[in-house]
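Single-letter residue listing:
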Amino acid sequence: MRRVLGPWQFLRKQSSYLEAHTRVRGRPIQLSIAEKVPRIRALQHRLQLNDIPADALARSLIDGTSTLDYVNNTGLSRFGRTLLSFYALRHFMIKYPRLPSHVLKHLVHQYTSMPALAEHAKLWGIQPDNRSSLGRYLSGEEDTDGLGFLSYSDKIQEVEPGIQKIQSGSAVTSLTDAMGGCVRAIVASVYAHRGLELVEQFVSQYIIEPRQVDLTQIMAFSKPTRELSVLCAREGMEPPVSRLLAESGRFSSQAVFVAGVFSGDMKLGEGQGTSLNEARTRAAVNALQGWYLFSPKVSNYVDAGEVVI
Amino acid sequence: MAYIQTRHVSSLAAVTAKGLRKLPEQYMRSVAGVMYPGEPTTLAPAKKFLGDFKLSDPLILQCLVHKSFAHGKVPYNEKLAFIGSELLRLEAARAAAQAGNQALPKELTINGQNFDISSNAIELLTSAQVLSKICQNAGLDDTLFYKTPKRDLTSSIRAKTVNAFVGAVLLESGSTAAFRFIDDRLMREHNLFSIAEPLYRDSA
Amino acid sequence: MPVKAIPVVGSVLRNGVGAFVHPCKRITLRFCNWGGSSKGMRELLRTQLKDIAAKDPKIEFNVLQESGHPVIQGEYTNGVKKTICVRNKNPTEILEKLTFIKDCGGTKLKKYKRAVESTNESVRGVWSPFHVEKEYRFKI
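Residues numbered from 1 in each chain as written. Chains lettered and ligands numbered in written order. Predicted model: local features only at pLDDT ≥ 70, side-chain atom pairs only at ≥ 80, totals over all residues.

### Quick look at the overall build of chain C
The helix and strand inventory of chain C stands at two helices and six strands. For chain C, the proportion of its 140 residues judged to be buried stands at 19%. The contacts of chain C with a sequence gap of at least 6 include a subset with a gap of at least 24, amounting to 70%. (Helix = DSSP H or I, 4+ residues; strand = E, 2+ residues; numbered from the N terminus. Buried ≥ 20, exposed ≤ 12 C-beta atoms within 10 Å, placed from the backbone. Contact = placed C-beta atoms within 7 Å.)

Laid out in structure tokens, this is it:
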């Protein structure tokens with residue numbers, strides 16, 4: 001851990017400012033109560049979070065729209081979002097340093113958006129509960145019985161069978177957003193109790209590594225041949241030339257052409273298509289994918305930036 | 001027979017017209033009139049700004065180049081600024097969580113930290129206004145390479161430069177060094193807080 | 001912008017890569033206080049319940065008293081529930097069934113025809129008629 005935040009003492013001086021901007025409602029969750037909830041104990045062991053106190057986990061599972069009279073995870077979820085987007089961005093920027101920045105942003109979104117995180121929440125066995133306080137009262141439950149479930153108010157309400165009422169506003173949310181928010185909050189509580197180095201490990205093990213995204217599918221090129229020639233010019237390489245490598249049935253209805261794109265003696269890419277033009281374009285796309293998806297062995301490779309055409 | 005297609009392009013220094021290729025001397029020049037990659041003195045303010053944190057000369061130069069310069073032909077700072085801004089935001093949120101623990105009763109904090117501060121209050125610290133001021137105070141203004149924008153975007157260009165230095169230290173020397181860089185250089189040396197303080201007072 | 005980012009359709013979440021989260025999240029043991037078919041289940045709950053629950057803290061155990069045959073039900077993270085009726089079984093047999101429920105992945109039982117099933121692309125690639133030596137190529 002880093003030494004005490006020296007210059008940040010300024011913020012401490014501004015405690016009245018921080019107090020004015022602190023928004024919290026509801027009563028605290030008692031550790032002695034949270035510890036006895038079997039769902040929370042099970043979650044602790046399932047995610048190997050035995051060192052995270054049960055009250056912090058219980059709080060992470062209470063969404064801002066919950067009707068329970070407990071503190072919620074709004075602030076934790078916001079902090080978790082900052083943590084997740086930084087670590088995901090750093091992971092991919094080191095792994096694929098040449099990806100254009102908007103593709104990188106999009107890739108990070110694939111890992112840290114609410115729908116993506118909601119899948120993790122489902123995998124972790126988090127169970128949603130969107131009953132109103134009246135519903136809980138009628139089934140004879142108290143607020144403590146709602147702990148351990150993901151507590152939120154759904155924006156879709158079934159008024160009567162077959163008729164749904166969709167509400168809007170800050171008092172309701174969707175299941176996806178609530179599930180995603182609780183994953184972010186759990187990440188923030190891991191940070192609060194384990195510190196920066198170990199939360200990075202948690203994010204990498206539980207959020208980034210399990211997901212598999214096909215990166216060749218994430219990029220679309222509008223002018224591949226032109227982009228490739230600008231790239232070659234910028235990198236001081238010979239201009240790219242497409243050559244036909246193999247063909248079959250040129251005069252038939254199912255012609256196949258294999259084209260390669262070369263810069264001097266170097267083969268940059270290869271593509272197959274049913275016309276000469278298609279093969280040439282696919283070869284350029286293949287070459288550009290090879291360039292942008294380059295993954296170096298060192299971690300301090302700094303890229304020059306994408307090509308501007 | 002393979003052949004290589006070549007085109008003959010001639011440029012006229014005096015004439016500028018649409019579709020005519022410009023001479024490098026026309027567009028490889030910074031707003032201050034310095035020719036890319038700069039004179040020996042170009043990197044001096046940046047090196048002073050970095051202090052003990054050593055970066056290679058090409059990397060420092062890359063931090064000073066905005067994407068708009070020379071149509072992206074030379075290395076620019078877009079992605080360095082991207083990761084730098086994310087790191088700064090994280091660091092500000094961490095600091096606020098630690099410093100704001102007195103604003104909450106102890107049982108509402110999580111391990112003695114306050115995560116319930118509104119994000120607008122935190123993001124002010126790393127806003128473009130504040131960072132652009134730091135860039136000006138460090139004397140980096142005349143060493144920046146960018147194309148003069150039609151609208152006034154200079155504060156965002158300056159802020160990106162500061163973010164890029166944070167990102168460059170992060171990628172070159174790791175996160176521990178980057179946190180130390182934020183602490184030592186931005187906070188202590190360049191007094192980020194005294195710059196942000198009037199803004200705080202305005203919004204409080 | 002020459003390169004565009006497009007949404008990915010089939011991104012897969014692979015449990016076990018990076019971290020493994022146990023797929024069985026809850027087990028409900030149902031027994032009847034009176035019926036003869038629950039005799040073994042009652043004995044199991046009386047003597048071994050504590051050990052069973054303590055051995056697997058990552059699973060939430062519920063015990064339910066209800067009339068009818070005794071039943072073990074497992075709930076999995078993919079939303080599937082598996083139910084096994086354990087009427088007239090002795091504690092050893094019930095424990096076997098419980099282990100089966102506990103260790104299940106929650107997917108439907110099926111026969112795996114290949115030794116390895118992977119979401120990764122083949123390393124070797126697909127054979128192409130255009131990449132063999134020119135003299136061996138098939139000519140139309």
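Having put the structure on the table, let's press on.
### Looking at the UniProt feature "domain: RNase III" (unreviewed entry) in chain B
Cross-referencing UniProt, the feature "domain: RNase III" (unreviewed entry) maps to residues 53–174 of chain B in the present numbering. What you have in residues 53–174 of chain B is 53% helix and 0% strand, and the ends, taken at the C-alpha atoms, are 12 Å apart. (UniProt positions renumbered as here; feature names shortened; annotations may be inferred.)

### Points about the interface of chain A and chain C
The interface is formed by 41 residues belonging to chain A together with 25 residues belonging to chain C. When contributions to the side of chain A that touches chain C are tallied by element, the ones reaching two or more residues are α4 (38–46), α7 (101–112), α8 (114–123), α11 (196–208), β5 (211–212), β6 (219–221) and β7 (241–248) of chain A. Pairing of β6 of chain A with strand β1 (residues 3–5) of chain C involves three bridges; the strand directions are antiparallel. By the bridge assignment for β1 of chain C, Ala220 of chain A is matched with Lys4 of chain C. (Pairing = 2+ DSSP bridges.)

### A look at the interface of chain A and chain B
With 48 residues of chain A in contact, the opposing surface of chain B contributes 50 residues. Looking at the side of chain A that touches chain B, the elements with two or more residues in it are α1 (9–13), α2 (15–20), α6 (74–95), α10 (175–194) and β7 of chain A. The leading source of residues in the side of chain A that touches chain B is α6 of chain A, at eleven residues. A breakdown of the residues in the side of chain A that touches chain B according to their chemical character gives 26 nonpolar, 13 polar and nine charged. (Nonpolar A, V, L, I, M, F, W, Y, C, P; charged D, E, K, R; others polar.)

### What about the environment of Gln98 of chain B?
Residues and elements named next belong to chain B. Within the secondary structure, Gln98 is located in helix α4 (residues 78–99). When the 16 C-beta atoms within 10 Å are taken as the criterion, Gln98 is described as partly exposed. Expressed as a C-alpha distance, the spacing of Gln98 and Glu78, which sit 20 residues apart in the sequence, is 31 Å.

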